[in-house]
Amino acid sequence: MKDVELSAAQSGAGTEDDTLYEVRQKIYPRSVSGWFNTWRWVLVWFTQLVFYGLCWLPWNGRQAVLFDLVQRKFYIFGLVFWPQDVFFLAVLLIISAYALFLFTAVGGRLWCGYACPQTVYTEIFLWIEKVIEGDRNARMKLDQATVGGRKIAIKVAKHSAWILVALWTGFTFVGYFTPIKTLMDEVASLQFGPWETFWILFYGLATYGNAGWLREQVCKYMCPYARFQGVMFDPDTLVITYDLERGEPRGPRSKKEDYKASGKGDCVDCGLCVVVCPTGIDIRQGMQYECIGCAACIDACNQVMDKMNYPRGLIRYSTEHAVEEHWGWNDILAHIVRPRVLVYSSILLSIIAAFVWGLATKPALRVDVIRDRTVMAREVEDGAIENLYRLQVMNVSEMEERYVLSVTGLPGIQLVGDAQISVPPATTHTLTVHIRVPADSARRGANPIYFDVKSLNNLKTAVHEKASFIQP
Amino acid sequence: MQRWIWILFPSFAVACLAEFVFFSVIDPQQLYLFGEPVNYSPIATYSICFFGFWLVGMASTVFSVFLQRSPEEINRRQHRSIGHAHRKTVLH
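Remember, predicted model here, so these are calculated numbers, not experimental data.

Peer 1: Which residues make up the overall build of chain B, and what are the values?
Peer 2: Summing up its helical and strand segments, chain B has three helices and two strands in all. Helices and strands appear in chain B in the N-to-C order α-β-β-α-α. Considering only contacts in chain B between residues 6 or more positions apart, those separated by 24 or more positions represent 65%. Carbon and sulfur atoms provide 70% of the accessible area of chain B, an area that totals close to 6600 Å².

Following this line, the structure appears as structure tokens:
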């Protein structure tokens, strides 16, 4: 049976003559329990509680996290981002990238093994598969069995469960762009918007396809990070390592046998590390780009080592240097501080500092002044000259604000009409203002003038904006 | 499968980026279609544009995948059909 397991787990080379590509063999990862697997499930619960739950959280009478595409405003708790703030989003992406570099340099593919959505959803889908179809051997048997009532029933049950999870995921995803309560009401009354339905199905299908069918192929053939991770690795990066020196020569043995006397290493060649691997590799062949660092092989191997009464850690998190030099954890930890890590962390910290500073000083008010070009300038009573301006006053804050408008820059310049406006939270108020200047106080042509918009509630919120006044 | 991935996935990733950059600077309400202001709902405009970007990306990746075939692969296709006929005659 072991041989069957091994040969099925090792991905085969192309069998078809007319293709140059490797033919994919379905991988049936055997479930495993252990310290690292527990941690992965902790992360599955954490990330999915955040993802499925956050969209239901209210804040100030609205959804706490909402990317409102219709109004072109992103709400993240107390912060409101306008299209003008796209810079922050770009910086946030840079921060994420540097954080990934740093984690990778120190701990290898921690992201892939524990937090990447592909891993997380595959883990959930595998769990469903295990509950309905059984573990590895039962699944392989079922797939080889002839089509019959039982097989169809089991497959239908599994795919229905997958589709339900996928649809809920799609629904949640769309709930970050359309208020999820509106979406829920639409579901309750069966009146979906066409595009919302489409995107729920689209995202649902992507989840079902990626976590149910594609699985490790996403990591092997689609993920760019898997391809360039090597750039961030160095000999002091923690990776999942098989201790070649300790393990070889591998081979089966009886538990009572003095295997050292017969010249064998610690590896009993049980193949468990291969059958639990979600990407179907043999970690004993050394570091491979397909390894997503999930540590399932460590958990599996440790179980075997315990059974054999051998010390744990034949497969373990270690570094290239540590394995070569037989270092313990103290030496490994001491090598975390090194130029690469220092450079990554200092860049990361400075960008985070700049980002936080930018957020803290983000203006609560923006003003755009556009001169009305349809009316150049006109003469009004007393021979004064009048220009028209369109003012866009954006209240970027989360509270209703009252603003007072004023204008300076030319002798006798005055604003005609009401100089106070109130603007609801996170709203743009557009108004036309008439500016008059006595006939003799401006030169012919364009004269610089300045608009001041000041908040009555908060004296610090003020904008000084330049415009030009045309004297015919 | 890999060929499908090469065509669909990089173009999808680039379409996401293009959508993000394009609509962070352009309001869908400001777009014109055949000289008329676009009167679809914003979500419809975002969605249609996304698929537009994806299609353009796919056109490019299909082209790349087409050019990526090695000389052996192109030659092999012709040789094989000739080879089959040849082998048959030899065997008989």
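Now that the structure has been shown, we can carry on.
Peer 1: Describe helix α7 (residues 149-174) of chain A, naming the residues involved and giving the relevant values.
Peer 2: An α-helical segment advances 3.6 residues per turn. Residues three or four places apart therefore align on the same side. Taking 1.5 Å of rise per residue, 26 residues should cover 38 Å, and α7 of chain A covers 37 Å from first to last C-alpha, within 8% of that figure. Lys151, Ile154, Lys155, Lys158, His159, Trp162, Ala166, Thr169, Gly170, Phe171, Thr172 and Val174 of chain A are the residues of α7 of chain A that are buried.

Peer 1: Lay out the packing of aromatic side chains in plain terms, naming residues and giving numbers.
Peer 2: For the structure on display, the rule yields 39 aromatic pairs over all chains. An angle of 55° between the planes, with centres 5.3 Å apart, marks the rings of Phe36 of chain A and Tyr317 of chain A as tilted. Linking Phe36 of chain A in helix α2 (residues 35-54) with Tyr317 of chain A in strand β7 (residues 315-318), this pair joins segments that are 281 residues apart in sequence. For the pair shown, Phe36 of chain A and Tyr317 of chain A are each scored as buried. On the basis of an interplanar angle of 65° and a centroid distance of 5.4 Å, the ring pair of Tyr98 of chain A and Phe101 of chain A is categorised as edge-to-face. Of this pair, Tyr98 of chain A and Phe101 of chain A are both found in helix α3 (residues 86-107), three residues apart, which corresponds to roughly one turn of the helix. Residue classification places Tyr98 of chain A among the partly exposed positions, given a relative accessible area of 21%. Judged by relative accessible area, which is 23%, Phe101 of chain A ranks as partly exposed. One aromatic cluster in this structure is built from Trp195, Phe198, Trp199 and Phe202 of chain A together with Phe12, Phe50, Phe51 and Trp54 of chain B. We note Lys73 of chain A situated over the ring of Trp82 of chain A; from NZ or CZ to the ring centre the distance is 5.0 Å. Residue placement shows Lys362 of chain A over the ring face of Phe81 of chain A; its charged tip is 5.1 Å from the ring centre.

Rules behind the numbers
Residues numbered from 1 in each chain as written. Chains lettered and ligands numbered in written order. Predicted model: local features only at pLDDT ≥ 70, side-chain atom pairs only at ≥ 80, totals over all residues. Heavy atoms only, no water. Helix = DSSP H or I, 4+ residues; strand = E, 2+ residues; numbered from the N terminus. Contact = heavy atoms within 4.5 Å. Areas by Shrake-Rupley, 256 points an atom, 1.4 Å probe, with all protein chains shown as cover. Expected span 1.5 Å × (residues − 1). Buried < 20%, exposed > 50% of the residue type's maximum accessible area, 1.4 Å probe, protein only. Phe/Tyr/Trp six-rings, centres within 6.5 Å; stacked < 30°, edge-to-face > 60°. Lys NZ or Arg CZ within 6 Å of the ring centre and 35° of its normal.

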